[in-house]
Structures are given as structure tokens and as C-alpha cells.
Amino acid sequence: MEKTLFGTLKDGREVYKYSMTNKNGMVLEVLTYGATIQAIKVPSKNGELLDVAVGFDTLDGHENYSDYQGVTVGRYANRIHNAQFTINGQKYSVTANEKGKTCLHGGGEFSKAIWEATADTDNSIVMSYTSPNGSCGFPGAMKTKVRFTLTDSNEVAINYTAICSADTPVNLTNHTYFNLKGKAGTDVLSHELRIDADSFTPTDEDSIPTGEIRPVKGTAFDFSESKPIGKDIGESDPQLVMCKGYDHNFCLNETAGAVITAYEKETGITMNVYTDMPGVQLYTGNFLDGSVIGKGGVPLNKHAGFCLETQFYPDTPNQPTFPQCNFRAGEIFRSMTRYEFKC
Ligand code: GLA
């Protein structure tokens, strides 16, 4: 484990980068700012070490231009309708940081926090953060730990635990944008993607689920058999038109194996995703528009990366028919997502 100073925030606080290397030469880098995955360097079939995490070279990018690249999001990943929910008969108003209307990623608190790092083995680091009582309007104080592990079988494993002093919804995820070409300036449309999901949650124009669980069969949302991300992305399905591509939660089937597989033929890199969460937000970088400069000084263009945000479904606190996300005071929330790379 190597610790280096990554940069200094505008307010003077220092941000550190922790780098792990496994026996195959694969590298995982994690920042204390936002408990952010800074880089995932994976061997390709051509013998190169390629960074498959799209983002920024410097802290300035993360601090000032981020669309959540690589960050840990919470307390409630994804969106909450009208930035309100009720628990035990009490109404909570949380930060409406999107269009002054919805709460996105818990108001952005976790992704902008400095996390405390504890390296307990050479290839595993725990990032801890305590969200103060009532922060961003959420109930109680919530203590969160996120463990990032790089295994010798080329996996990045993320284990989340959280405990809150009050009954609360919890939804934690990682927002890495993947690009298995590992090259700045490329897009992900030719990546083959399989998602083991029979249905997805259509949304309204604010990206809030309508409550419908819609079968994917016969639609552009059917990834049950592997297909290029770009194959149906331009279809006239109003859900795709509204979001300029995929930005939707898929209802994952239960499986012991990988629930998602992505593959890129130029590099031969396959990424298998395992999770115990019921949903995943597939976001294909639709709103990246080249106005922000990413790694290597190259603009982050539309579809420069794709996110697989494993999660409870969006807006679950207001959706009684979705798998529920409320945890009692003192109850421990645990979840795991693992990304396995092969070539
Ligand atoms: C956030 C969400 C994504 C997507 C973008 C849109 O990053 O996590 O799913 O909705 O906003 O900009």
C-alpha cells in the first residue's frame, strides 16, 4: 500500500491517494476525498496496463468539475422525489440539489467529504465517514465504512457498512464510469453488455421512477443476452429519448454468478459484476458534453464511460412496492459489490 498526497482542496484540507498493486500488476487507487476510485489499471490481452476508470488526473477536476466520477454516494444514492419522505409518520425534507426539486445522491455530502483511511492489509483500505445528526435533512447521525479490496484474482471488492442513530433509509453505491478500452477520447458504445434483469423502472422527466416495473423483453432495455451498449441506444423509445440514452435502474435477477458482464474486444477485457443489491443504475454518460477535461487532458465526451451503480431502486423511500431500504436505529446495513476483470 502506498500513500501519497494527491492534492489540497480550496479550503486547505489535504487529500491522500492510496495505491494497491496485486501480484498480476493490477492497480487500484482510492482517494480520501469522496472515497473515490481514482484509477483501476487492468492488464489487457495486448499486455498493456489500462486505466478503465474514467475521471480526472487532479483534485481540481474532482472538486470543481465532477459528475460523480468514481465517488462513493450516500446517504441515499440516486434520487428522492420532491426531496421528501416519511418514516415512522415523520416527514423529512432533504437537500434538493437537483433542479431545486429532487435529492440526488443524498445532496452530494458523501462524495464531497474527506474520509478517514485505515489501511489494514496491503491490498485493502477502509474509508470511514460519519454524517452528522440531521445532515442534509436525513434522520440521525450515520457512521459509514467502505472497504476497497484488490484481490489477486483481479477483483475490486467494495464492502459497505452503515449504522445510524435513528431509523433511516440507506442506499450506498460507487459511481465509477468504466471504459474498458482504457483510452481517453474513446466511447463505450461498442462494449458488449449483459445485465441479468427481466425488468427496469421507467421514470418521469425528473428521472423519478413512475412506480411501474416494466418487462425489458422486446425493448431496447433488454440486455439479458449480451449486446453492444450502442445497438439500441438511439431508438425512439421515449424513455431513451428523454434521458439521451440509458440512465435507468434495472431490477436484477437473483443469481449466484455475475449479474452483469461487460466486454470490450480491442482490449479483450471482461468485467463481471457481483452484488447483493436488488438494482443497478446503468448510466451511459449521456450528459457528458466535452465541456469538462478529463484524464490525459482529453475532454469527457458523451458516452465516454458507463456507470453501473448497484443500489436499492431510486426513490424507494416513496415507493412502497419496491424492495425496501429502511434500517432501524442501531441496525447495521451491509452490502457488497465486486468487479472482476479478466482478459
Ligand atoms: C447522476 C446519476 C446518473 C445520471 C446523472 C445525470 O450522476 O447517478 O445516473 O442520472 O446524474 O447527470
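Notes on the structure follow.

Rules of the game
- Residues numbered from 1 in each chain as written.
- Predicted model: local features only at pLDDT ≥ 70, side-chain atom pairs only at ≥ 80, totals over all residues.
- Heavy atoms only, no water.
- Near = heavy atom within 4 Å.
- Polar contact = N/O pair within 3.5 Å; in protein donor to acceptor, adjacent residues only side chain to side chain.
- Areas by Shrake-Rupley, 256 points an atom, 1.4 Å probe, with all protein chains shown as cover.
- Nonpolar A, V, L, I, M, F, W, Y, C, P; charged D, E, K, R; others polar.
- Pairing = 2+ DSSP bridges.
- Helix = DSSP H or I, 4+ residues; strand = E, 2+ residues; numbered from the N terminus.
- Axes fitted to C-alpha atoms, helices over the stretch in contact; angles between N-to-C directions.
- Phe/Tyr/Trp six-rings, centres within 6.5 Å; stacked < 30°, edge-to-face > 60°.
- Buried < 20%, exposed > 50% of the residue type's maximum accessible area, 1.4 Å probe, protein only.
- Contact = heavy atoms within 4.5 Å.
- Core = buried A, V, L, I, M, F, W, Y, C linked by side-chain atoms within 4.5 Å.

## Structural notes on the site of the ligand
Then, number 1: Taken together, Y68, R79, H105, H175, D247, Q281, Y283, F287 and E309 make up all the residues around the ligand.
Then, number 2: D247 is positioned such that a nitrogen or oxygen atom in its side chain is 2.5 Å from an oxygen atom of the ligand.
Then, number 3: Burial of the ligand by the protein chains amounts to 90% of its free accessible area of 310 Å².
Then, number 4: A class-by-class count of the residues in the shell around the ligand yields three nonpolar, three polar and three charged.

## Observations regarding the sheet that holds strand 23 (residues 247–252)
Then, number 1: Spatially, 6-18-27-26-23-20-21 is the arrangement adopted by the seven strands of the open sheet, whose pairing is antiparallel. With partners counted over all chains shown, the strands left at the sheet margins are strand 6 (53–54) and strand 21 (214–215), one partner each.
Then, number 2: As paired strands, strand 23 and strand 26 (residues 279–283) are joined by five bridges and run antiparallel to one another. Within the sheet, the bridge partner assigned to C251 lies in strand 26 and is G279.

## What to know about the sheet that holds strand 2 (residues 14–21)
Then, number 1: Reading across from one edge, 1-2-3-4-5 is the order of the five strands in this open sheet, with antiparallel pairing throughout. Strands with a single pairing partner mark the edges of an open sheet, and in this sheet they are strand 1 (2–8) and strand 5 (49–51). Taken over all neighbouring pairs, the strand axes of this sheet differ in orientation by 20° on average, direction set aside.
Then, number 2: Across six bridges, strand 1 lies against strand 2 in antiparallel orientation.

## Describing the pairing of strand 14 (residues 142–150)
Then, number 1: Relative to strand 14, strand 13 (residues 124–131) is paired through eight bridges, and the arrangement is antiparallel. Looking across to strand 14, one finds that V126 is bridged to R147.
Then, number 2: In this structure, strand 14 lies alongside strand 15 (residues 155–164), joined through nine bridges in antiparallel fashion. Within strand 15, the residue paired with F148 across the bridge is I158.
Then, number 3: Between the end of strand 14 and the start of strand 15, which pair antiparallel, lie four residues, with N154 showing a positive phi angle near 60°.

## What about the packing of aromatic side chains?
Then, number 1: Tallied over the full model, the rule gives 19 aromatic pairs.
Then, number 2: On the basis of an interplanar angle of 50° and a centroid distance of 6.1 Å, the ring pair of F178 and F306 is categorised as tilted. Residue F178 is found in strand 18 (residues 177–178), and its partner F306 is found in strand 27 (residues 306–311); the two are separated by 128 residues along the sequence. For the pair formed by F178 and F306, the shared burial category is buried.
Then, number 3: With a centroid separation of 6.3 Å and 35° between ring planes, the pair formed by F200 and F250 is classed as tilted. Note that F200 is positioned in strand 20 (residues 197–201) and F250 in strand 23, a separation of 50 residues in sequence. Comparing F200 with F250, the two get one shared label, buried.

## Re the pairing of strand 27
Then, number 1: Counting buried residues in strand 27 gives six out of six residues, a clear majority hidden from the surface.
Then, number 2: Burial of the side chains of strand 27 extends over both faces: F306, L308 and T310 are buried on one face and C307, E309 and Q311 on the other.
Then, number 3: Judged from the two bridges that link them, strand 18 and strand 27 form a sheet pairing that is antiparallel. Note that in strand 27 the partner of Y177 across the bridge is C307.
Then, number 4: With five bridges joining them, strand 26 and strand 27 adopt antiparallel strand pairing. Across the sheet, the residue bridging to Q281 is E309, located in strand 27.

## Examining the environment of N46
Then, number 1: Take N46: it is sitting in the loop between strand 4 (36–43) and strand 5.
Then, number 2: N46 sits in the partly exposed class, given a relative accessible area of 49%.
Then, number 3: Spatially, the C-alpha atom of N46 lies 29 Å from that of D196, the residues being 150 residues apart in sequence.
Then, number 4: Ignoring sequence-local partners within four residues, the contact set of N46 consists of E266 and T267.

## A short note on the nonpolar core
Note on soluble globular proteins: their nonpolar side chains tend to be buried together.
Then, number 1: If you look at the biggest cluster of nonpolar residues, it comprises 72 residues, and the most contacted ones within it are I40, F148, V156, I195, F250, F306 and F341.
Then, number 2: With five residues, the single largest contributor to this core is strand 15.
Then, number 3: Setting aside chain neighbours within four positions, we find F341 in contact with M26, I40, V42, V52, S153, N154, V156, F178, L180, I269, T270 and M271.
Then, number 4: Membership of the second largest hydrophobic core comes to nine residues, among which are V54, Y177, V292 and A304.

## Re the side chain of S131
Then, number 1: Residue position: S131 is located in strand 13.
Then, number 2: Residue S131 is classed as buried on the basis of its relative accessible area of 0%.
Then, number 3: For S131, the side chain forms a polar contact with the side chain of R75, separated by 3.0 Å.
Then, number 4: Non-local contacts of S131, meaning those with residues more than four positions away in its chain, are made with R75, E109, F110, G140, A141 and M142.

## Some details on unusual backbone geometry
If a residue is not glycine, its phi is most likely negative; likewise, a peptide bond is most likely trans.
Then, number 1: Residue R75 follows G74 across a cis peptide bond; omega there is 0°.
Then, number 2: Mapped onto the secondary structure, R75 falls in the loop between strand 7 (72–73) and strand 8 (79–80).
Then, number 3: You will see that Y68, though not glycine, has its phi angle at about 70°, which is positive.
Then, number 4: By the secondary structure assignment, Y68 is in the loop between helix 1 (59–64) and strand 7.
Then, number 5: For A83, which is not glycine, the phi dihedral falls at a positive 50°.
Then, number 6: Following the sequence through the fold, A83 ends up in the loop between strand 8 and strand 9 (84–87).
Then, number 7: Given a relative accessible area of 4%, A83 falls into the buried group.

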